[in-house]
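Examination of the molecular architecture
Here is what each chain is made of, one letter per residue.
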Amino acid sequence: MKIRLILRVIVCGLLLLAITLAGEVRAATPQTVKIGVLATLTGSGFSLGTNTVAALRIAAADIQNIHPQYNPVRYRFLVRDTQHDPSRALIAIQDLHARGVKIVIGPQTSSEVAMIKPFADAHGILVISQGSTASSLAIPGDNILRFCPNDRREAEALVALLQHDGVRAIVPLWRNDAGNNGLHDSVQIRFRALGGRVTAGFRYEPTTANFSAATNAVASQIGNLIHSGISPSAIAVYLAAFDEAVDIFHSAQDNPTLANTTWYGSDGVALSAALTGDSSAAGFAASVGYPNPIFGLPDTLRNRWQPIADQIEARTGITPDAFALSAYDALFVVNLALQHPKPLKNFDRFKATFIDEASHYRAITGPTTLDAAGDRLNGDFDFWAVRLRNGNYTWVRIGTYNNGILTVF
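A brief look at the structure comes next. (Residues numbered from 1 in each chain as written. Predicted model: local features only at pLDDT ≥ 70, side-chain atom pairs only at ≥ 80, totals over all residues. Heavy atoms only, no water.)

This part covers the packing of aromatic side chains. By the definition in use, this model includes nine aromatic pairs. Between the aromatic rings of Phe-147 and Phe-354, the centroid separation amounts to 5.9 Å while the plane-to-plane angle is 45°, which identifies the pairing as tilted. Of this pair, Phe-147 sits in the loop between strand 5 (144-146) and helix 5 (151-164) while Phe-354 sits in helix 14 (residues 347-360), and the two are 207 residues apart along the sequence. For the residue pair Phe-147 and Phe-354, the accessibility class agrees, reading buried in each case. Here the aromatic rings of Phe-295 and Phe-323 are separated by 6.1 Å at their centres, their planes lie at 55°, and the arrangement is tilted. Highlighted residues: Phe-295 in strand 11 (residues 292-295) and Phe-323 in helix 13 (residues 322-337), separated in sequence by 28 residues. The exposure class of Phe-295 is buried, given its relative accessible area of 2%. (Phe/Tyr/Trp six-rings, centres within 6.5 Å; stacked < 30°, edge-to-face > 60°. Helix = DSSP H or I, 4+ residues; strand = E, 2+ residues; numbered from the N terminus. Buried < 20%, exposed > 50% of the residue type's maximum accessible area, 1.4 Å probe, protein only.)

Written out as C-alpha coordinates, the structure reads:
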(Lines give C-alpha, C1' and ligand atoms only; values in the text may rest on other atoms or scores of the structure.)
Protein backbone atom coordinates (compact mmCIF):
# COMPACT_ATOMS: atom_id res chain seq x y z
CA MET A 1 0.00 0.00 0.00
CA LYS A 2 2.79 2.36 1.00
CA ILE A 3 4.73 1.50 -2.16
CA ARG A 4 1.63 2.14 -4.28
CA LEU A 5 1.20 5.59 -2.70
CA ILE A 6 4.83 6.45 -3.34
CA LEU A 7 4.48 5.41 -6.96
CA ARG A 8 1.40 7.61 -7.32
CA VAL A 9 3.30 10.56 -5.90
CA ILE A 10 6.17 9.94 -8.31
CA VAL A 11 3.83 9.62 -11.30
CA CYS A 12 1.97 12.81 -10.36
CA GLY A 13 5.26 14.60 -9.95
CA LEU A 14 6.44 13.46 -13.35
CA LEU A 15 3.16 14.54 -14.91
CA LEU A 16 3.42 17.98 -13.33
CA LEU A 17 7.00 18.27 -14.53
CA ALA A 18 5.99 17.26 -18.04
CA ILE A 19 3.15 19.80 -18.08
CA THR A 20 5.47 22.52 -16.81
CA LEU A 21 8.13 21.71 -19.37
CA ALA A 22 5.54 21.61 -22.14
CA GLY A 23 4.30 25.02 -21.09
CA GLU A 24 7.82 26.39 -21.15
CA VAL A 25 8.40 24.92 -24.60
CA ARG A 26 5.18 26.51 -25.83
CA ALA A 27 6.19 29.84 -24.30
CA ALA A 28 9.55 29.67 -25.99
CA THR A 29 8.13 28.72 -29.38
CA PRO A 30 8.60 31.71 -31.68
CA GLN A 31 5.54 33.26 -33.22
CA THR A 32 5.79 33.83 -36.95
CA VAL A 33 4.77 37.26 -38.20
CA LYS A 34 4.30 37.93 -41.88
CA ILE A 35 5.78 41.20 -43.12
CA GLY A 36 4.82 42.41 -46.56
CA VAL A 37 7.62 44.16 -48.43
CA LEU A 38 6.75 46.37 -51.39
CA ALA A 39 10.00 47.25 -53.14
CA THR A 40 11.27 48.04 -56.62
CA LEU A 41 13.69 45.27 -57.52
CA THR A 42 13.81 45.72 -61.28
CA GLY A 43 13.82 48.82 -63.45
CA SER A 44 14.14 52.39 -62.24
CA GLY A 45 14.73 52.57 -58.49
CA PHE A 46 16.09 49.07 -58.02
CA SER A 47 18.98 50.34 -55.86
CA LEU A 48 16.79 51.27 -52.89
CA GLY A 49 14.52 48.27 -53.33
CA THR A 50 17.36 45.78 -53.39
CA ASN A 51 19.02 47.36 -50.37
CA THR A 52 15.72 47.54 -48.47
CA VAL A 53 15.19 43.79 -48.75
CA ALA A 54 18.77 43.13 -47.65
CA ALA A 55 18.39 45.55 -44.72
CA LEU A 56 15.26 43.78 -43.51
CA ARG A 57 16.83 40.33 -43.66
CA ILE A 58 19.86 41.57 -41.72
CA ALA A 59 17.56 43.25 -39.18
CA ALA A 60 15.59 40.04 -38.63
CA ALA A 61 18.81 38.16 -37.83
CA ASP A 62 20.13 40.97 -35.63
CA ILE A 63 16.94 41.15 -33.60
CA GLN A 64 17.45 37.55 -32.54
CA ASN A 65 21.14 38.10 -31.74
CA ILE A 66 20.95 41.52 -30.09
CA HIS A 67 17.77 41.10 -28.07
CA PRO A 68 17.45 37.45 -27.01
CA GLN A 69 15.45 38.60 -23.97
CA TYR A 70 12.50 39.58 -26.18
CA ASN A 71 9.60 37.27 -26.82
CA PRO A 72 10.85 35.31 -29.82
CA VAL A 73 9.43 36.42 -33.16
CA ARG A 74 10.29 34.96 -36.52
CA TYR A 75 9.68 37.14 -39.52
CA ARG A 76 8.46 35.79 -42.81
CA PHE A 77 9.01 38.38 -45.53
CA LEU A 78 6.58 38.34 -48.44
CA VAL A 79 8.48 40.43 -50.98
CA ARG A 80 6.74 41.91 -54.00
CA ASP A 81 8.52 43.72 -56.85
CA THR A 82 6.37 46.76 -57.62
CA GLN A 83 8.70 48.33 -60.21
CA HIS A 84 7.68 51.86 -59.10
CA ASP A 85 4.25 51.05 -60.59
CA PRO A 86 1.26 52.15 -58.46
CA SER A 87 -1.06 49.56 -60.03
CA ARG A 88 1.42 46.78 -59.20
CA ALA A 89 1.64 48.09 -55.64
CA LEU A 90 -2.15 47.94 -55.27
CA ILE A 91 -2.34 44.39 -56.63
CA ALA A 92 0.50 43.42 -54.30
CA ILE A 93 -1.10 44.78 -51.13
CA GLN A 94 -4.40 43.15 -52.03
CA ASP A 95 -2.58 39.83 -52.36
CA LEU A 96 -0.76 40.38 -49.07
CA HIS A 97 -4.05 41.15 -47.32
CA ALA A 98 -5.50 37.88 -48.64
CA ARG A 99 -2.51 36.13 -47.04
CA GLY A 100 -3.18 37.67 -43.65
CA VAL A 101 -0.51 40.38 -43.71
CA LYS A 102 -1.14 43.30 -41.32
CA ILE A 103 2.25 45.05 -41.58
CA VAL A 104 3.84 46.29 -44.81
CA ILE A 105 7.24 47.94 -45.20
CA GLY A 106 7.46 50.07 -48.32
CA PRO A 107 6.63 51.04 -50.99
CA GLN A 108 9.38 53.46 -51.97
CA THR A 109 7.49 56.06 -53.99
CA SER A 110 4.71 58.45 -53.08
CA SER A 111 2.67 57.54 -56.16
CA GLU A 112 2.58 53.93 -54.96
CA VAL A 113 1.70 54.99 -51.41
CA ALA A 114 -1.12 57.20 -52.73
CA MET A 115 -2.50 54.25 -54.69
CA ILE A 116 -2.49 51.75 -51.80
CA LYS A 117 -3.51 54.19 -49.04
CA PRO A 118 -7.32 53.74 -49.37
CA PHE A 119 -6.97 49.95 -49.29
CA ALA A 120 -4.61 50.02 -46.29
CA ASP A 121 -6.93 52.38 -44.41
CA ALA A 122 -9.99 50.28 -45.17
CA HIS A 123 -8.46 46.91 -44.25
CA GLY A 124 -6.38 47.70 -41.16
CA ILE A 125 -2.92 47.36 -42.69
CA LEU A 126 -0.03 49.37 -41.26
CA VAL A 127 2.15 50.72 -44.08
CA ILE A 128 5.64 51.91 -43.12
CA SER A 129 7.24 53.61 -46.11
CA GLN A 130 10.97 54.17 -46.16
CA GLY A 131 11.01 56.42 -49.23
CA SER A 132 7.75 58.32 -49.76
CA THR A 133 8.20 62.08 -49.30
CA ALA A 134 5.14 63.78 -50.84
CA SER A 135 3.72 66.32 -48.39
CA SER A 136 0.30 65.68 -49.94
CA LEU A 137 0.35 62.35 -48.09
CA ALA A 138 1.03 63.93 -44.69
CA ILE A 139 -2.41 63.02 -43.34
CA PRO A 140 -2.97 62.58 -39.57
CA GLY A 141 -4.74 59.45 -38.42
CA ASP A 142 -4.33 57.29 -41.53
CA ASN A 143 -2.48 53.98 -41.71
CA ILE A 144 0.51 55.40 -43.59
CA LEU A 145 3.62 56.03 -41.50
CA ARG A 146 6.83 57.28 -43.12
CA PHE A 147 10.30 56.76 -41.70
CA CYS A 148 11.71 59.66 -43.72
CA PRO A 149 11.08 63.42 -43.73
CA ASN A 150 8.62 64.82 -46.27
CA ASP A 151 9.48 66.98 -49.27
CA ARG A 152 9.22 70.30 -47.43
CA ARG A 153 12.35 69.39 -45.46
CA GLU A 154 14.22 68.39 -48.60
CA ALA A 155 13.21 71.65 -50.29
CA GLU A 156 14.56 73.57 -47.32
CA ALA A 157 17.93 71.85 -47.67
CA LEU A 158 18.13 72.26 -51.46
CA VAL A 159 17.17 75.94 -51.46
CA ALA A 160 19.81 76.60 -48.81
CA LEU A 161 22.41 75.16 -51.20
CA LEU A 162 21.02 77.12 -54.17
CA GLN A 163 21.34 80.34 -52.22
CA HIS A 164 24.83 79.44 -51.06
CA ASP A 165 25.85 78.88 -54.70
CA GLY A 166 24.41 82.20 -55.84
CA VAL A 167 21.61 80.74 -57.98
CA ARG A 168 18.93 83.32 -58.72
CA ALA A 169 16.75 81.39 -61.20
CA ILE A 170 15.92 77.72 -61.75
CA VAL A 171 14.35 75.81 -64.62
CA PRO A 172 12.59 72.74 -63.17
CA LEU A 173 12.46 69.41 -65.00
CA TRP A 174 10.46 66.78 -63.17
CA ARG A 175 8.66 63.47 -63.39
CA ASN A 176 4.86 63.53 -63.18
CA ASP A 177 4.20 61.47 -60.05
CA ALA A 178 3.16 62.25 -56.49
CA GLY A 179 6.66 62.33 -55.00
CA ASN A 180 8.38 64.39 -57.68
CA ASN A 181 5.41 66.74 -58.08
CA GLY A 182 5.65 67.33 -54.34
CA LEU A 183 9.36 68.08 -54.56
CA HIS A 184 8.83 70.48 -57.46
CA ASP A 185 6.06 72.33 -55.62
CA SER A 186 7.94 72.57 -52.33
CA VAL A 187 11.16 73.78 -53.98
CA GLN A 188 9.26 76.31 -56.09
CA ILE A 189 7.38 77.72 -53.10
CA ARG A 190 10.44 78.04 -50.91
CA PHE A 191 12.76 79.40 -53.61
CA ARG A 192 10.25 82.05 -54.71
CA ALA A 193 9.56 83.02 -51.10
CA LEU A 194 13.25 83.85 -50.74
CA GLY A 195 13.35 85.96 -53.90
CA GLY A 196 14.31 83.36 -56.51
CA ARG A 197 12.80 83.02 -59.97
CA VAL A 198 11.25 79.75 -61.19
CA THR A 199 10.26 79.23 -64.82
CA ALA A 200 7.47 76.94 -66.03
CA GLY A 201 10.00 74.20 -66.63
CA PHE A 202 8.93 70.88 -68.12
CA ARG A 203 7.02 67.99 -66.55
CA TYR A 204 7.39 64.62 -68.25
CA GLU A 205 5.35 61.45 -67.93
CA PRO A 206 6.76 58.30 -66.26
CA THR A 207 6.37 56.48 -69.58
CA THR A 208 8.58 58.96 -71.47
CA ALA A 209 11.31 57.28 -73.50
CA ASN A 210 12.50 60.17 -75.67
CA PHE A 211 13.51 63.25 -73.67
CA SER A 212 14.41 65.55 -76.55
CA ALA A 213 11.24 67.66 -76.10
CA ALA A 214 12.01 68.01 -72.40
CA THR A 215 15.64 69.00 -72.81
CA ASN A 216 14.89 71.38 -75.70
CA ALA A 217 12.24 73.13 -73.61
CA VAL A 218 14.62 73.49 -70.67
CA ALA A 219 17.40 74.86 -72.91
CA SER A 220 14.98 77.36 -74.44
CA GLN A 221 13.91 78.63 -71.02
CA ILE A 222 17.55 79.01 -69.95
CA GLY A 223 18.13 81.10 -73.07
CA ASN A 224 15.17 83.32 -72.19
CA LEU A 225 16.53 83.87 -68.69
CA ILE A 226 19.91 84.87 -70.09
CA HIS A 227 18.27 87.27 -72.55
CA SER A 228 16.35 88.82 -69.63
CA GLY A 229 19.65 89.80 -68.05
CA ILE A 230 20.34 86.98 -65.59
CA SER A 231 23.94 85.76 -65.61
CA PRO A 232 24.33 82.15 -66.86
CA SER A 233 26.26 81.38 -63.67
CA ALA A 234 23.15 82.30 -61.63
CA ILE A 235 20.86 79.91 -63.53
CA ALA A 236 20.38 76.22 -62.72
CA VAL A 237 18.31 73.24 -63.80
CA TYR A 238 16.44 71.49 -60.99
CA LEU A 239 15.81 67.83 -61.85
CA ALA A 240 13.38 65.78 -59.73
CA ALA A 241 13.54 62.26 -61.14
CA PHE A 242 14.39 58.60 -60.68
CA ASP A 243 16.82 56.49 -62.69
CA GLU A 244 15.51 57.91 -65.97
CA ALA A 245 17.96 60.71 -65.21
CA VAL A 246 20.37 58.54 -67.20
CA ASP A 247 18.28 58.98 -70.36
CA ILE A 248 17.76 62.67 -69.64
CA PHE A 249 21.52 63.20 -69.46
CA HIS A 250 22.00 61.30 -72.70
CA SER A 251 19.58 63.73 -74.32
CA ALA A 252 21.14 66.80 -72.69
CA GLN A 253 24.85 66.12 -73.15
CA ASP A 254 25.10 67.34 -76.74
CA ASN A 255 23.25 70.59 -76.03
CA PRO A 256 25.80 73.38 -75.31
CA THR A 257 23.32 75.37 -73.22
CA LEU A 258 22.52 72.43 -70.96
CA ALA A 259 26.13 71.30 -70.77
CA ASN A 260 27.17 74.74 -69.53
CA THR A 261 24.43 75.14 -66.92
CA THR A 262 24.70 73.86 -63.36
CA TRP A 263 22.23 71.07 -62.46
CA TYR A 264 20.77 70.12 -59.08
CA GLY A 265 18.95 66.90 -58.23
CA SER A 266 16.74 65.11 -55.73
CA ASP A 267 16.66 62.11 -53.40
CA GLY A 268 15.24 59.88 -56.14
CA VAL A 269 18.61 59.76 -57.92
CA ALA A 270 21.06 60.23 -55.05
CA LEU A 271 23.37 57.19 -54.81
CA SER A 272 21.75 55.61 -57.89
CA ALA A 273 23.79 52.68 -59.15
CA ALA A 274 22.15 53.08 -62.56
CA LEU A 275 23.69 56.53 -62.99
CA THR A 276 27.24 55.67 -61.93
CA GLY A 277 26.95 52.49 -64.00
CA ASP A 278 26.52 54.51 -67.21
CA SER A 279 29.82 56.26 -67.96
CA SER A 280 28.32 58.70 -70.45
CA ALA A 281 25.51 59.89 -68.17
CA ALA A 282 27.81 59.85 -65.14
CA GLY A 283 30.33 61.98 -67.01
CA PHE A 284 27.66 64.56 -67.79
CA ALA A 285 26.45 64.55 -64.17
CA ALA A 286 29.98 65.16 -62.92
CA SER A 287 30.55 68.00 -65.40
CA VAL A 288 27.41 69.95 -64.40
CA GLY A 289 27.84 69.61 -60.63
CA TYR A 290 24.52 67.88 -59.93
CA PRO A 291 24.39 67.66 -56.09
CA ASN A 292 21.48 65.57 -54.83
CA PRO A 293 20.00 66.03 -51.34
CA ILE A 294 18.93 62.92 -49.50
CA PHE A 295 17.83 62.07 -45.99
CA GLY A 296 21.17 61.90 -44.19
CA LEU A 297 22.94 59.56 -41.81
CA PRO A 298 24.27 61.16 -38.59
CA ASP A 299 28.06 61.21 -38.38
CA THR A 300 27.72 60.86 -34.59
CA LEU A 301 26.12 57.43 -35.09
CA ARG A 302 28.53 56.16 -37.73
CA ASN A 303 29.83 53.42 -35.40
CA ARG A 304 26.28 52.02 -35.35
CA TRP A 305 25.08 52.39 -38.93
CA GLN A 306 28.33 51.81 -40.82
CA PRO A 307 28.62 48.08 -39.94
CA ILE A 308 25.03 47.54 -41.12
CA ALA A 309 25.68 49.54 -44.28
CA ASP A 310 28.77 47.41 -44.94
CA GLN A 311 26.74 44.21 -44.54
CA ILE A 312 24.09 45.46 -46.96
CA GLU A 313 26.67 46.48 -49.55
CA ALA A 314 28.41 43.12 -49.20
CA ARG A 315 25.12 41.43 -50.15
CA THR A 316 23.98 43.75 -52.92
CA GLY A 317 27.07 45.55 -54.19
CA ILE A 318 25.21 48.85 -53.76
CA THR A 319 26.04 51.50 -51.16
CA PRO A 320 22.91 51.91 -49.00
CA ASP A 321 21.44 55.27 -48.05
CA ALA A 322 19.43 56.42 -45.04
CA PHE A 323 16.18 55.29 -46.69
CA ALA A 324 17.33 51.67 -46.82
CA LEU A 325 18.79 51.83 -43.32
CA SER A 326 15.55 53.29 -42.00
CA ALA A 327 13.86 50.06 -43.12
CA TYR A 328 16.31 48.24 -40.82
CA ASP A 329 15.20 50.53 -37.99
CA ALA A 330 11.53 50.06 -38.86
CA LEU A 331 11.68 46.31 -38.25
CA PHE A 332 13.22 46.89 -34.82
CA VAL A 333 10.35 49.20 -33.91
CA VAL A 334 7.88 46.62 -35.23
CA ASN A 335 9.55 44.07 -33.00
CA LEU A 336 9.20 46.35 -29.96
CA ALA A 337 5.51 46.87 -30.68
CA LEU A 338 5.03 43.10 -30.96
CA GLN A 339 6.35 42.63 -27.41
CA HIS A 340 3.09 43.96 -26.01
CA PRO A 341 0.30 41.50 -25.05
CA LYS A 342 -1.71 40.21 -28.01
CA PRO A 343 -0.28 42.94 -30.25
CA LEU A 344 -2.15 42.22 -33.48
CA LYS A 345 -5.57 41.52 -31.95
CA ASN A 346 -6.44 45.24 -31.97
CA PHE A 347 -5.09 47.14 -34.97
CA ASP A 348 -5.58 50.67 -33.64
CA ARG A 349 -3.83 49.74 -30.40
CA PHE A 350 -0.94 48.19 -32.32
CA LYS A 351 -0.56 51.29 -34.51
CA ALA A 352 -0.55 53.54 -31.44
CA THR A 353 1.99 51.26 -29.78
CA PHE A 354 4.24 51.37 -32.84
CA ILE A 355 4.11 55.18 -32.93
CA ASP A 356 4.90 55.32 -29.20
CA GLU A 357 7.83 52.92 -29.52
CA ALA A 358 9.16 54.92 -32.47
CA SER A 359 9.13 58.10 -30.37
CA HIS A 360 11.85 56.84 -28.03
CA TYR A 361 13.69 54.17 -30.03
CA ARG A 362 17.45 54.70 -30.36
CA ALA A 363 17.78 53.95 -34.07
CA ILE A 364 20.95 53.63 -36.10
CA THR A 365 19.64 56.42 -38.37
CA GLY A 366 18.85 58.79 -35.51
CA PRO A 367 15.56 59.60 -33.75
CA THR A 368 12.52 57.93 -35.31
CA THR A 369 9.97 60.18 -33.65
CA LEU A 370 7.00 60.78 -35.97
CA ASP A 371 5.04 64.00 -36.30
CA ALA A 372 1.25 64.35 -36.08
CA ALA A 373 0.88 63.13 -39.68
CA GLY A 374 3.08 60.07 -39.11
CA ASP A 375 6.15 61.44 -40.91
CA ARG A 376 9.64 61.44 -39.47
CA LEU A 377 10.54 64.66 -37.66
CA ASN A 378 14.29 64.44 -38.27
CA GLY A 379 15.12 66.59 -41.28
CA ASP A 380 18.88 66.32 -41.69
CA PHE A 381 20.20 65.84 -45.23
CA ASP A 382 23.39 64.91 -47.04
CA PHE A 383 24.33 66.14 -50.53
CA TRP A 384 25.82 63.60 -52.92
CA ALA A 385 27.33 64.22 -56.35
CA VAL A 386 28.92 62.02 -59.02
CA ARG A 387 32.68 62.48 -59.23
CA LEU A 388 35.51 60.75 -61.09
CA ARG A 389 37.76 58.95 -58.60
CA ASN A 390 40.64 56.69 -59.63
CA GLY A 391 39.24 56.29 -63.10
CA ASN A 392 35.70 55.41 -61.99
CA TYR A 393 32.58 57.48 -61.47
CA THR A 394 31.31 57.23 -57.92
CA TRP A 395 29.03 59.07 -55.51
CA VAL A 396 30.83 61.50 -53.20
CA ARG A 397 29.28 63.31 -50.24
CA ILE A 398 29.89 67.01 -50.84
CA GLY A 399 27.84 68.66 -48.08
CA THR A 400 25.33 68.41 -45.24
CA TYR A 401 22.30 70.29 -43.97
CA ASN A 402 21.91 69.59 -40.27
CA ASN A 403 19.61 71.48 -37.89
CA GLY A 404 19.25 74.29 -40.40
CA ILE A 405 23.00 74.70 -40.97
CA LEU A 406 24.50 74.13 -44.43
CA THR A 407 28.04 72.80 -44.64
CA VAL A 408 29.75 72.39 -48.03
CA PHE A 409 32.90 70.27 -48.19
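And the narrative resumes.
The next subject is unusual backbone geometry. The omega torsion across Gly-106 and Pro-107 is -5°, close enough to zero to call that bond cis. For Pro-107, the location among the structural elements is in the loop between strand 3 (103-105) and helix 4 (110-123). In the Ramachandran plot, Tyr-290 falls in the positive-phi region, its phi being about 50° despite a non-glycine side chain. The topology assignment puts Tyr-290 in the loop between helix 11 (279-287) and strand 11. On the basis of relative accessibility, which here comes to 0%, the residue Tyr-290 falls in the buried class. A positive phi angle is found at Asn-403, which is not glycine, with a value near 50°. Along the chain, Asn-403 turns up in the loop between strand 13 (392-402) and strand 14 (405-408). Note on Asn-403: relative accessible area 69%, which makes it exposed.

For the rest of this paragraph, the subject is the sheet that holds strand 14. Ordered in space as 11-12-13-14, the four strands form an open sheet in which the pairing is antiparallel. The open sheet has two edge strands with one neighbour each: strand 11 and strand 14. Strand-to-strand, the axes of this sheet are offset by a mean angle of 35°, without reference to chain direction. Judged from the four bridges that link them, strand 11 and strand 12 (residues 381-389) form a sheet pairing that is antiparallel. Bridging from a neighbouring strand, Asn-292 pairs with Trp-384 of strand 12. The sheet strands contacting helix 5 are strand 11, strand 12, strand 13 and strand 14, and the helix crosses strand 12 at an angle near 55°. (Pairing = 2+ DSSP bridges. Axes fitted to C-alpha atoms, helices over the stretch in contact; angles between N-to-C directions. Contact = heavy atoms within 4.5 Å.)

Core analysis: the largest hydrophobic core is formed by 113 residues, its most contacted members being Ile-35, Tyr-75, Phe-249, Trp-263, Leu-275, Tyr-290 and Leu-331. Top contributing element to this core by residue count: helix 13, with 13 residues. Those residues in contact with Tyr-75 that lie beyond four places of it in its chain are Val-33, Ile-35, Ala-60, Ile-63, Leu-331, Val-334, Asn-335 and Leu-338. Among the nonpolar cores identified, the runner-up in size contains 17 residues, and Ala-89, Leu-96, Phe-119 and Ile-125 belong to it. (Core = buried A, V, L, I, M, F, W, Y, C linked by side-chain atoms within 4.5 Å.)

Attention now goes to the packing of helix 13 against helix 14. Put simply, helix 13 and helix 14 touch, their axes get as near as 9 Å, and they point 125° apart. With respect to their mutual orientation, helix 13 and helix 14 come out oblique. For the pair helix 13 and helix 14, the sense of crossing is right-handed. Touching Ala-330, Val-333, Val-334, Leu-336 and Ala-337 of helix 13 are Phe-350, Thr-353, Phe-354, Glu-357 and Ala-358, all from helix 14. Its residues placed into classes, the contact of helix 13 with helix 14 shows eight nonpolar, one polar and one charged. (Parallel < 35°, antiparallel > 145°, perpendicular 65-115°, else oblique. Left-handed = near helix turned anticlockwise from the far one by under 90°. Nonpolar A, V, L, I, M, F, W, Y, C, P; charged D, E, K, R; others polar.)

Right, let's talk about the pattern of salt bridges for a bit. This model, assessed by the stated rule, comprises eleven salt bridges. Linking Lys-117 and Asp-121 is a salt bridge whose minimum nitrogen-to-oxygen distance equals 2.7 Å. Here Lys-117 pairs with Asp-121, and both are found in helix 4, just four residues apart, close to one helical turn. Residues participating in the shared-partner salt-bridge network are Asp-299, Arg-302, Asp-382 and Arg-397. (Salt bridge = Lys/Arg side-chain N within 4 Å of Asp/Glu carboxyl O.)

To continue, consider the sheet that holds strand 4 (residues 126-129). Taken together, the five strands give an open sheet; going across it, the order is 2-1-3-4-5, and neighbouring strands pair in parallel fashion. Every interior strand has two partners, whereas the edge strands, strand 2 (73-81) and strand 5, have only one. Strand-to-strand twist in this sheet, taken as the mean axis angle between neighbours without regard to direction, amounts to 25°. Across three bridges, strand 3 lies against strand 4 in parallel orientation. Considered in strand 4, the bridge of Ile-103 is made with Leu-126.

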